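Per-entry structural report
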Amino acid sequence: MPLLLLQLRGLLSRKPFLNPCFLYSLGSAFSFSYIPDSTESHYDPLLKSADGLASLRQIHSPLVVSGFVSQSIHLGAQLIAGYAKYGEPTSARSVFDHLIGCGNETSSFLWNTMIRAYANAAGCSYEALELYSLMRRAQVSPNNYTFPFVFRVCASSEAGSLILLGRVVHGEAVRAGFDSDLHVEAALVHMYAKWGEFGDARKVFDEMPVKGLVCWTAMITAYEQAEKPEEALSLMVEMQREEGLVPDSVTVISVASAVGQLAVRKLAGSVHAYAIRNIFLQQIGVANSILGMYTRCGDAQKARLVFEKMVERNVISWNSMLSGYTQNGQASEALILFDEMNDSNVEANAVTALIMVAACAYLGSLRLGRKFHNFVIDRNFTIDKNLHNALMDMYAKCGDLKTACEMFNSINPSMRDASSWNVLISGYGMHGHGRETLNMFSRMQAEGVDPNHITFTSVLSACSHAGLVNEGRQCFDEMQKLSVAPEAKHYACVVDMLGRAGKLQEAFDLIKQMPFPPNDAVWGALLLACKIHGNKELARIAADKLFELQPGHTGYYVLMSNIYAASERWGEVGNLRQYMKDKGMKKPAAFSVIEFGEEIHGFHTADREHPYWEEVYREVEILAVKLKMAGHVPDLSCTLHDMEEEDKELALNLHSEKLAVAFGIMRTESGMTIYLTKNLRVCNDCHSALKLLSHIFDREIVVRDGNRFHHFQGGVCSCNDYW
DNA sequence: CTAGGGTTAG
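Residues numbered from 1 in each chain as written. Chains lettered and ligands numbered in written order. Predicted model: local features only at pLDDT ≥ 70, side-chain atom pairs only at ≥ 80, totals over all residues.

**Points about the overall build of chain A**
Looking only at helices and strands, one finds 38 helices and six strands in chain A. Dimensions along the principal axes, computed over C-alpha positions, put chain A at roughly 105 × 60 × 55 Å. Looking at chain A as a whole, 44% of its 723 residues are labelled buried. Within chain A, contacts between residues at least 6 apart in sequence are counted, and of these 63% link residues at least 24 apart. (Helix = DSSP H or I, 4+ residues; strand = E, 2+ residues; numbered from the N terminus. Buried ≥ 20, exposed ≤ 12 C-beta atoms within 10 Å, placed from the backbone. Contact = placed C-beta atoms within 7 Å.)

Here you go:
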């Protein structure tokens, strides 16, 4: 027994934390010489502890030199698996070929190992399948180990549809008598389900006399992946009725995902409880999926609770939480959390950047958006198509259409797909540039890019903002010609467009003709139009539907009560307000954000928390006087009705956008453009006040409200009072 | 001595 190996083994047994590979390389470095031992057991621990390609190669070479690799298929198999693990399938194959050439060609075990190596390595599906057919040609019988590998390759999506081949191999498995093996069957279920062949998957599944947990989970996951969450969950219930079958952590992950798709909070709670009871939540994967389930159920608070309790967090945990906040309208929470992430031991990646860029787009903060753009550049993240589009979208949504266009132009024309066009098309639309939108829309088609459902939503909404009714109608017809099926959101845009233009009856007729039940967006558009044009009869119809569809949505109640107020139906107004009070509904708080230089300031309605609120209130008074002198008549209908006239005027002056603009006028140099973002739509009074202010102070004021952009300049607004 | 089910960020 060579001395070095003795030492190695001794060290290994006593100090398992010392990596024998390290010692081994030490040995080669100091040119210790030894005669290779002829038992496998000396190499076995070395191979087992190899922790990288380099150490694997170091062990491999003496094995070759000694000719030992030819003698042991066991060690050879370890080398094959090792090389495959470190992304070297070619090296794995040469070991395999060598062993086969040394008289091991009939060993199923070796063939299996090599097929598995290919199946595990990325992009080697073809090689795996080729090897399987070579195996058969060499008259080596595939066994219960072979088939699962092959089916897994057939299930992988990288190599086109391999389902046909999978069926053939399925037949071979049946003929070889391995079709009732638990592992083979699970792999079959998985393969068929991956390709959407639920009939075949179910057939294999249903015909299994004994189904293990793995098979059930495979089937449940299949439904979940095919976005059939109800089927997934009912299958899980069915499974639990079987003796001794209990969901494990893998099952829980799939079930959590299915519940997330359904977005049912109650179910989310029970999955969470189950995971806690079984101590699955300590596993990062389970915790991440529970977290994601909550954010998809719209419960960012619960998600945060899970996040806080996690023993370990990876970049997916952070990104899920960040995106959860953004998706649930709490983008500012995402910004705060991002700072915490920077202080943590987890590095942000390009996906993090994308989420943060989307958060800035949501907030409408150009300054922060630029900050994240620089972040992307500083970190050298690759800007793929998605990130590029997200950045463009952010610039468009933050009012910087120029940069958005530059980014669009920087894309190689042949690389522009529907989503690149969509960003600009919706960008123009939000700014009320109807003609430019239509222009881009035809350019897109001229360049051979097919518009999709998002394109049409953007174009229709642009037509609505710009009052281009005929063009909008045409576009709606066109989409059906191009066989893009109109969805509720498209109808909502058209109803909005017709309604704003005063064609209420046409809008209502369109709703009645819809091939599926109208949703809240459609009725909401009609209700808004009714408010603009003072039609309380149609409004009542729309409102009744809305109260039924979205009983908790405060905005519709407010809108309806405003409509009643406008026609002085105070009794009805009182009823609605009482109802809202009883149900504990509150009007969503208006909020405006203004940005200049390095500063960002937010104001609520009648804000007294802002550090300079007293100065701002004084400035607002001054502005009110100037406005009156310029002929502004306060539109008292924009306030609650049960106030004294004087209080109404005061209340109007304290609208969040007026506070923000007053602050902007106070704090920025004359002539500087004022940028602000508001979460709700601008009211009539603020709209006309802002127009006048832009004239009085000769300043451009850019406002992004809950619906679109308004550019106030020289006393007029880019929306032509049409919003 | 090899094996079956894995979501979650975009």
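**Observations concerning the packing of helix H19 (residues 315-327) against helix H21 (residues 350-363)**
The description of two packed helices rests on the angle between their axes and on the distance between the axes. One way to put it is that H19 packs onto H21 with a least axis distance of 10 Å and a crossing angle of 15°. With respect to H21, the axis of H19 lies roughly parallel. As for the relative orientation of H19 and H21, their crossing is left-handed in sense. Facing H19, whose interface residues are Val315, Trp318, Asn319, Leu322, Ser323 and Thr326, H21 presents Val351, Thr352, Ile355, Met356, Ala358, Ala359 and Tyr362. Classifying every residue of the contact of H19 with H21 gives nine nonpolar, four polar and no charged. (Axes fitted to C-alpha atoms, helices over the stretch in contact; angles between N-to-C directions. Parallel < 35°, antiparallel > 145°, perpendicular 65-115°, else oblique. Left-handed = near helix turned anticlockwise from the far one by under 90°. Nonpolar A, V, L, I, M, F, W, Y, C, P; charged D, E, K, R; others polar.)

**Some points on unusual backbone geometry**
Of note in the backbone geometry, Ala606 takes a positive phi value of approximately 50° without being a glycine. By the secondary structure assignment, Ala606 is in the loop between strand E2 (599-604) and helix H35 (613-629). Look at Ala606 and you get partly exposed, because 15 C-beta atoms sit within 10 Å. The phi angle at Asp698 is positive, at roughly 50°, despite the residue not being glycine. Checked against the element boundaries, Asp698 lands in the loop between helix H38 (684-696) and strand E4 (701-704). C-beta crowding within 10 Å serves as the criterion here: with 12 such atoms nearby, Asp698 is assigned to the exposed category.

**Topic: the sheet that holds E4**
The six strands are arranged E2-E1-E3-E4-E5-E6 in an open sheet whose pairing can be described as mixed. Here the strands that pair on one side only, and so sit at the sheet edges, are E2 and strand E6 (716-717). In this sheet, strand E5 (residues 709-713) lies alongside E4 in antiparallel orientation, the contact comprising four bridges. In the strand pairing of E5, Val702 is matched with His711. (Pairing = 2+ DSSP bridges.)

**Regarding the environment of Ala543**
By the secondary structure assignment, Ala543 is in helix H32 (residues 536-549). Ignoring any residue separated from it by four or fewer positions in sequence, one finds Ala543 in contact with Leu527, Tyr556 and Met560.

**Observations regarding the domain arrangement of chain A**
The domains assigned to chain A are domain 1 (374-582) and domain 2 (592-717). With nine residues of domain 1 at the contact, the number on the domain 2 side is seven residues. Sorting the residues of the side of domain 1 that touches domain 2 by element identifies helix H33 (554-566) and helix H34 (570-582) as the ones contributing at least two each. (Domains from an automatic or database assignment.)

**A few points about the UniProt feature "repeat: PPR" (unreviewed entry) in chain A**
The positions UniProt marks with the feature "repeat: PPR" (unreviewed entry) are residues 107-142, 212-247, 314-348, 417-451 and 452-486. Here residues 212-247 runs as 69% helix and 0% strand, with 11 Å between its end C-alpha atoms. In residues 314-348, helix accounts for 74% and strand for 0%; the two terminal C-alpha atoms are 10 Å from one another. (UniProt positions renumbered as here; feature names shortened; annotations may be inferred.)

**Some details on the nonpolar core**
Val189, Met219, Ile290, Val357, Val495, Leu526 and Leu527 are the most contacted members of the largest nonpolar core, which totals 206 residues. The biggest single contributor to this core is H21, with ten residues. (Core = buried A, V, L, I, M, F, W, Y, C linked by C-beta atoms within 7 Å.)

**Some thoughts on the confidence of the model for chain A**
Segments scoring low in pLDDT should not have their predicted coordinates read at a detailed level. Residues at a pLDDT of 70 or more form 93% of chain A, whose mean pLDDT is 87. Contacts for the low-pLDDT stretch residues 1-36, under 50 throughout, to residues beyond four places or in other chains number 40 contacts. (pLDDT = per-residue confidence, 0-100.)

**Notes on the pairing of E4**
Of the two faces of E4, the one holding Ile701 and Val703 and the one holding Val702 and Arg704 are both buried throughout. Pairing analysis gives four bridges linking strand E3 (residues 674-678) to E4, with the strands arranged parallel. Bridge pairing links Thr677 to Arg704 in E4. Running through H38, the crossover from E3 to the neighbouring parallel element E4 is right-handed. Counting the residues in the hairpin turn of E4 and E5 gives four residues. (Right-handed = clockwise from strand over helix to strand, strands pointing away.)

**Things to note about the protein's contact with DNA strand B**
For DNA strand B, the set of nearby residues contains 44 residues, the closest of which are Asn112, Gly212, Thr217, Asn288 and Ser289. Elements that contribute at least two residues to the surface near DNA strand B include exactly helix H7 (108-120), helix H9 (146-155), helix H11 (182-194), helix H13 (213-225), helix H15 (249-262), helix H17 (284-296), H19 and H21. When the residues that make up the surface near DNA strand B are grouped by side-chain class, the tally is 17 nonpolar, 23 polar and four charged. (Near = placed C-beta within 6 Å.)

**Section: helix H31 (residues 520-533)**
Its 14 residues place the ends of H31 20 Å apart at the C-alpha level, agreeing with the 20 Å of an ideal helix rising 1.5 Å per residue. For H31, the set of buried residues is Val522, Trp523, Gly524, Ala525, Leu526, Leu527, Leu528, Ala529 and Cys530. For H31, the secondary structure elements touched by its buried residues are helix H29 (488-500), helix H30 (504-513), H32 and H33. Where H31 terminates, the next one or two residues include Gly534, which has phi positive at roughly 60°. (Expected span 1.5 Å × (residues − 1).)

**Some words on the packing of H35 against helix H37 (residues 656-667)**
One way to put it is that H35 packs onto H37 with a least axis distance of 9 Å and a crossing angle of 95°. Comparing their axes, H37 and H35 come out roughly perpendicular. Contacts from Glu615, Val616, Glu619, Val620 and Leu623 in H35 reach Lys658, Leu659, Ala662, Phe663, Ile665 and Met666 in H37.

**Regarding helix H6 (residues 89-104)**
For H6, which comprises 16 residues, the first-to-last C-alpha distance of 20 Å sits more than 12% below the rise-based estimate of 22 Å (1.5 Å per residue). If you check which residues of H6 are buried, you get Pro89, Ser91, Ala92, Val95, Phe96, Leu99 and Ile100. Elements that come into contact with the buried residues of H6 comprise helix H5 (73-85), H7 and helix H8 (125-137).

**So, the pairing of strand E1 (residues 591-596)**
Relative to E2, E1 runs antiparallel, the two sharing six bridges. Note on E2: the bridge partner recorded for Glu595 is Ile600. Taking the residues that link successive antiparallel strands as the turn, the E1-E2 hairpin has two residues, and the phi of Gly597 there is positive, at about 50°.

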